[in-house]
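If you want the building blocks of each chain, they are given just below.
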Amino acid sequence: MVLSYRRAEVWKNGETLWTDVIAKYPDKDARPYACRGLYYKEKEQQEKALKDFSKDLAINPGDVEILQFRGNIFFNLGKDDSAYADYIRALKIKQDNALALANLGAIYVRRNQYDSALINLSKALAMDTSQYTAYANRAVVYSATGRFDESIADFKMYLKSKPDDERVCFSIGMIYFDRGAFNECIGWFNKAIAIKPGFANYHWMRSQAYKQTGNKKAAMADATLALDLGMSIPKEYFNSIK
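Residues numbered from 1 in each chain as written. Predicted model: local features only at pLDDT ≥ 70, side-chain atom pairs only at ≥ 80, totals over all residues. Heavy atoms only, no water.

Within this structure, the stated rule accounts for ten aromatic pairs. Arranged with centres 6.0 Å apart and planes meeting at 80°, the rings of Tyr-84 and Tyr-108 form a pair that is edge-to-face. With Tyr-84 in helix 5 (residues 80-93) and Tyr-108 in helix 6 (residues 98-110), this pair connects stretches of sequence that are 24 residues apart. Judged by relative accessible area, which is 26%, Tyr-84 ranks as partly exposed. (Phe/Tyr/Trp six-rings, centres within 6.5 Å; stacked < 30°, edge-to-face > 60°. Helix = DSSP H or I, 4+ residues; strand = E, 2+ residues; numbered from the N terminus. Buried < 20%, exposed > 50% of the residue type's maximum accessible area, 1.4 Å probe, protein only.)

So, in structure tokens, the structure goes:
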């Protein structure tokens, strides 16, 4: 489809452009619906994006990329059954689809179906080691099933792509905390706090780790800050670190 200079007046944004194309050529081409849907997706107008993606797929049922985009929106909206159906459909069209396998694995994680999650996430990573979110989701599976060393290794792989994800830094810290490796966990809590300062729970957990190492002064400082940030902390805890 060629766009001429005479249509320059509609080139205000993606919505205006593709709405104009759709008005002139309704139901003739799936691409304008896909493109406008992507525009809505970027603008976080998810219901509009869903409508356009569904129209694209009605015209072009084999559009694997749009199936995955629609599935992701369903997943973000908590409509896991619809997301699952789109990911399965994408895999039927393209079996060696690492992204669809990774997305399917994420659904299984959310359903606490860890065996199925591990199978799909591992298959995705065997096909494409750049599926970094799959590392994070597999780390959750490993942690939930007591495979903590493998969980830490996968979280670290994920951080190669998203080094500023403080939630993952904190998650690694919590694994070390639960294992009694308090110096290691403090290091990871430090990273989480450096990325997202002023989050009460991070300071509260670091306070408890400091207490376990005998550093009562640091424990008191973090507990006081966590209290100031809105965390409810028992008076008995403060008495224990005086």
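The next thing to look at is helix 6. The end-to-end C-alpha separation of helix 6 is 19 Å, in line with the 18 Å expected for 13 residues at 1.5 Å each. Helix 6 sits mainly inside the fold: eleven of its 13 residues count as buried. The secondary structure elements touched by the buried residues of helix 6 are helix 4 (64-76), helix 5, helix 7 (114-127) and helix 8 (132-144). Capping the start of helix 6, Asn-97 holds a side-chain oxygen 3.3 Å from the backbone nitrogen of Leu-99, two or three residues further along. Asn-112 sits one or two residues past helix 6 and shows a positive phi near 60°. (Expected span 1.5 Å × (residues − 1). Contact = heavy atoms within 4.5 Å. Polar contact = N/O pair within 3.5 Å; in protein donor to acceptor, adjacent residues only side chain to side chain.)

Moving on to the packing of helix 10 (residues 166-178) against helix 11 (residues 182-195). The geometry of helix 10 relative to helix 11 is characterised by a closest axis approach of 8 Å and an angle of 165° between their N-to-C directions. As judged from the angle between their axes, helix 10 and helix 11 are roughly antiparallel. As for the relative orientation of helix 10 and helix 11, their crossing is left-handed in sense. Facing helix 10, whose interface residues are Glu-166, Cys-169, Phe-170, Ile-172, Gly-173, Met-174, Tyr-176 and Phe-177, helix 11 presents Phe-182, Glu-184, Cys-185, Trp-188, Phe-189, Lys-191, Ala-192 and Ile-195. In terms of residue class, the contact of helix 10 with helix 11 is made up of twelve nonpolar, one polar and three charged. (Axes fitted to C-alpha atoms, helices over the stretch in contact; angles between N-to-C directions. Parallel < 35°, antiparallel > 145°, perpendicular 65-115°, else oblique. Left-handed = near helix turned anticlockwise from the far one by under 90°. Nonpolar A, V, L, I, M, F, W, Y, C, P; charged D, E, K, R; others polar.)

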